[in-house]
Amino acid sequence: MRVDYVTGNTAIALGSIAAGLRFYAGYPITPTSDIFEFLARELPKRGGYVVQFEDEIASINAAIGASWACAKSMTATSGPGFSLMVEALSLAVITETPVVVVYVMRTGPSTGVPTRSGQYDVLQATYGFHGGLVVPVLAPATPQEAFDLTVRAFNVSEKLRTPVVLLSDATIAHTYGRVVVREPGEVEVVERAKPSVPPEKYRPYDPGEGLVPPMACFGEGYNVLVESLTHDERGYYAPRSDVQRRLMWRLYRKIVESAPELFDYGAAYLDGCDVALVSYGSTSLSTLVAAKILRSEGYRACSIRLRTLFPVYEEGIRRLLNGVGKVFVVENNVGLYYRELRGVLRGSEVVSVPIIDLDLPQPREVVEVVKQWL
Amino acid sequence: MAVAHPLDRYLRTDRLPTMWCPGCGLGILLGCILRALDRRIREGSLRRENVGFAGGIGCSARMTLYPYFDSAHVIHGRAIPFALGVKIVKPEMKMIVVGGDGDIAAIGGNHILHAIRRNADLVVIMANNMIYGMTGGQQAPTTPRGLYTTTTPYGNPEREINIVKLAAALGANYVARGSVTHTPLLEQMIYKALGKRGLAFVEVLSTCPELFGRHIGFRSPVDLYSELRKRVVVKTRPSVEESDYSWERGFVIGEFVDRDEPGFIEVLQEYTSRARGGAG
Amino acid sequence: MRIEVLIAGRGGQGILLLGHILGRAVAKYTNLYILGSEIYAAETRGGDSRVDLVIADREEEADFIKVMGADIAIVMHQLQLDAYSHLIKDGAVVFLDRSNVTSVPQRKWRVFLEPYTDIAEREFGTPRVANMVALGHLVRQTSLVPPEGVEEVIRETVPKDWVDVNIRAFRYFLSR
Ligand SMILES: Cc1ncc(C[n+]2csc(CCOP(=O)(O)OP(=O)(O)O)c2C)c(N)n1
Ligand code: SF4
């Protein structure tokens, strides 16, 4: 363990190393390239591989392949690249492949302002690919959180055999902060469950009693099947409604039923809170300050920073905001995650505070907008 | 279960019969691949648990459903990066990519290009039935100019790809074109490809009687097969310049390139070991 | 306790390095929490360079990455002083490079006006260490970080051939 002073991007790279990353595949894109460059220097020293591929499509597919060869793998990109990756993420969902995708949001749509920040892609991170299932999305706001949540992202992806999106943004990417860096062996690391039956008996998509099947890898003699088609427990294509139902509900349940365990947030100024400013990612820094300002002006404001955006833990959020009169969802986009929360918090008054800014929304601006509703 | 066929031990026999149409050339190709593998495994130059298949989407790519090895049936065009991901972290694997001409030369075109440029240690077998089979007989980059497909009802206006030239130009270690009409030669090519380091590319002319044959007037599988056989020109050690790919002049098959330059994995490992204070 | 620090100047004045060394020293050699951000113009010479640091003894107080009212500032050029003085609050401790600052606004600041660039040139033969001269001044006057910590960070951060002169420049104000 050591204390360092690094950017959000470097913290992600360090976190991935602590979690046991062995394969990084990438295609350069602002503002993620320094994750790539850092790992290109550091990962080979630890026996891992870093390869630049011909595009993001190749990168994510190679990461999925490496994961099937038992290596923890990761790629990082921003909007344009993530858009190219979504087809393969859908593959990772149905094949239940652990893989971590770091999504550093920048200003869009399209090429937008490549170096600057925004939170426009928060829904794409989980809804962006076909198949209608949810992947866990974790959102750090500081370099320390970037480190911690990267480790978590790997653990969740291994445990649930799912792709996990670590959703950062251009602001966090280049924000420096004090980070407690842990080395491999100093953090709790989860490894995917391995089959306990001999190869003849192994069924690659048989979850047994639970919801997550043990995973054998290429080269272990298990004759694994990676199957993008709807498949039964053996991995055999089965275009039948009963199989589709079983598969869909299991894939859905294994993520959604983990919501309580995945739920993570930070809260400040909670006591007596009657005005909750809910936010995530870099904007939650603005919100934290805004809540402090509101408190100083006599409002009973609090700030809540969601670190797990998906799956949405509805009960947890309801409990957290129980009794709060007004909930303001502050985000640097046209008001996207608000739609998720509006449905969850039907009892309270939920107000969208969309503030579009190439940098962090100014806390003062947040305060002004909120006050219009108080 | 009685062993009905010597290759059954390499097949997921419970999945047979295959999904392919009666008379499809792909079954012949699968037979050649398994026989070549059998030779390698029996002579001890390949370990069975180190053989892995990867295919994208298409009738050809579905070949990955049947062999009783580690196998991945992924998404259209992306089997090459998947296989390379496996290979990089498990260099002991012999990864065989099987796909159609659409899978590998069209949507996967960027990946094959760069896999060859890297001389990536993969065996890539591109089944070329001159159309898109799975989706119903549309034009492929390999469709000879002038022929009819469902998306070129007035004849294909496009120039066809000669992928042998591409693979040779970008530096694959092994480049061959075989045909399901000439199985001993095809099996030999695949056998050889399995023994290469670097990228070994085998283009395989195959027949799709169901869609290609019907559109160009060869309704029965045997007619199409005989037609292809007529148009195939076998050459021993032809040069790349001789690699004609033409409905009129014929399709030259043979081994065009056979060299032995270090593959990507070897070089990557060497460079990576520098980080650990190793060689270099 | 919560302190905002603003460091600003023109590109080429070593502003980012100054900010980075200070930030790193706070992170590693104090018990304080810190967040920081940088702005630099596309061109390496001429445009704005700026580092914002938010330092606090409790993690949730290190809550922002932009200065809203700086408690401590180093400004190395008149242009940035004009541009950013509204970000420096009354009562702040402000270090200005007299070599490049000609007019100081009438504010309730505690101003230290010293010719950092001239000192660097005269004493160390290069204007490039003016940033370290100023940093030494800040450290001496504010006791925000232990000087040994800063020196340690200079050793980790600066190219080998430059460590010595940077440390000597850093010590200029500390040793008087
Ligand atoms: C991204 C994407 N686009 C389109 C398709 C539809 N599709 C499936 S197979 C195929 C082409 C098949 O042709 P080929 O690769 O030549 O294989 P064949 O079936 O002829 O063996 C297409 C276009 C798809 N699965 N995915
Ligand atoms: S459509 Fe053509 S290629 Fe596909 S299985 Fe039938 S005959 Fe074979």
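Coordinates for the structure precede this section.
None of these values were measured; they are calculated from a predicted model.

Reading the values: rules and limits
- Residues numbered from 1 in each chain as written.
- Chains lettered and ligands numbered in written order.
- Predicted model: local features only at pLDDT ≥ 70, side-chain atom pairs only at ≥ 80, totals over all residues.
- Heavy atoms only, no water.
- Pairing = 2+ DSSP bridges.
- Helix = DSSP H or I, 4+ residues; strand = E, 2+ residues; numbered from the N terminus.
- Axes fitted to C-alpha atoms, helices over the stretch in contact; angles between N-to-C directions.
- Contact = heavy atoms within 4.5 Å.
- Buried area = accessible area lost by both parts, 1.4 Å probe.
- Salt bridge = Lys/Arg side-chain N within 4 Å of Asp/Glu carboxyl O.
- Polar contact = N/O pair within 3.5 Å; in protein donor to acceptor, adjacent residues only side chain to side chain.
- Nonpolar A, V, L, I, M, F, W, Y, C, P; charged D, E, K, R; others polar.
- Disulfide = S-S within 2.5 Å.
- Buried < 20%, exposed > 50% of the residue type's maximum accessible area, 1.4 Å probe, protein only.

Enquirer: Is there a simple way to think about the sheet that holds strand E10 (residues 265–268) of chain A in this case?
Expert: Sheet strands pair by backbone hydrogen bonding; their relative direction is either parallel or antiparallel. Residues and elements named next belong to chain A. Taken in spatial order, the 5 strands line up as E10-E12-E11-E14-E15 in an open sheet, and their pairing is mixed. The open sheet terminates on both sides in strands that have one partner only, identified here as E10 and strand E15 (349–354). Neighbour to neighbour, the strand axes of the sheet diverge by 20° on average, direction disregarded. Relative to strand E12 (residues 301–306), strand E11 (residues 275–280) is paired through 6 bridges, and the arrangement is parallel.

Enquirer: Would you mind going over the interface of chain B and chain A with me for this structure?
Expert: It is common to give the size of an interface as the accessible area lost on bringing the parts into contact. Contacts between the two partners involve 41 residues from chain B, matched on the other side by 42 residues from chain A. Carbon and sulfur atoms make up 59% of the surface buried where chain B meets chain A, a total of about 3,400 Å² over both sides. Where chain B meets chain A, there are 2 salt bridges. Of the charged contacts, one joins B:Arg118 and A:Glu54 as a salt bridge, the two residues approaching to 3.0 Å between their closest N and O atoms. The interface formed by chain B and chain A holds 18 residue pairs in polar contact (both at pLDDT 80 or more) in total. The element contributing the most residues to the side of chain B that touches chain A is helix H2 (residues 79–89) of chain B, with 7 residues. Looking at the side of chain B that touches chain A, its residues break down into 19 nonpolar, 12 polar and 10 charged. Bridge count between strand E9 (residues 225–227) of chain A and strand E2 (residues 70–73) of chain B: 3 bridges; the pairing is parallel.

Enquirer: I would appreciate a short explanation of the sheet that holds strand E4 (residues 70–75) of chain C in the present structure.
Expert: Taken in spatial order, the 8 strands line up as E1(A)-E8(A)-E2(C)-E3(C)-E1(C)-E4(C)-E5(C)-E6(C) in an open sheet, and their pairing is mixed. Each edge of the sheet is formed by a strand with only one pairing partner; in this case those strands are strand E1 (2–7) of chain A together with strand E6 (110–114) of chain C. Sheet twist, expressed as the mean angle between neighbouring strand axes with direction ignored, is 20°. Sheet strands in contact with helix H3 (residues 116–124) of chain C are strand E5 (88–97) and E6 of chain C, and its direction is about 30° off that of E5(C). Across the sheet, helix H4 (residues 130–142) of chain C lies against E4, E5 and E6 of chain C, angled at about 150° from E4(C), the strand it touches most.

Enquirer: Mind showing me how you'd approach the state of the cysteines here?
Expert: In a disulfide, the sulfur atoms of two cysteines are held together by a covalent bond. Residues and elements named next belong to chain A. Throughout the structure, instances matching the rule amount to 2 disulfides over all chains. Each sulfur in the disulfide pair Cys273 and Cys302 lies 2.1 Å from the other. An S-S torsion of about -60° defines the bridge between Cys273 and Cys302 as left-handed. With a gap of 29 residues between them, Cys273 in the loop between E10 and E11 and Cys302 in strand E12 connect regions that are remote in the sequence. Taken as a pair, Cys273 and Cys302 share a single burial class, namely buried.

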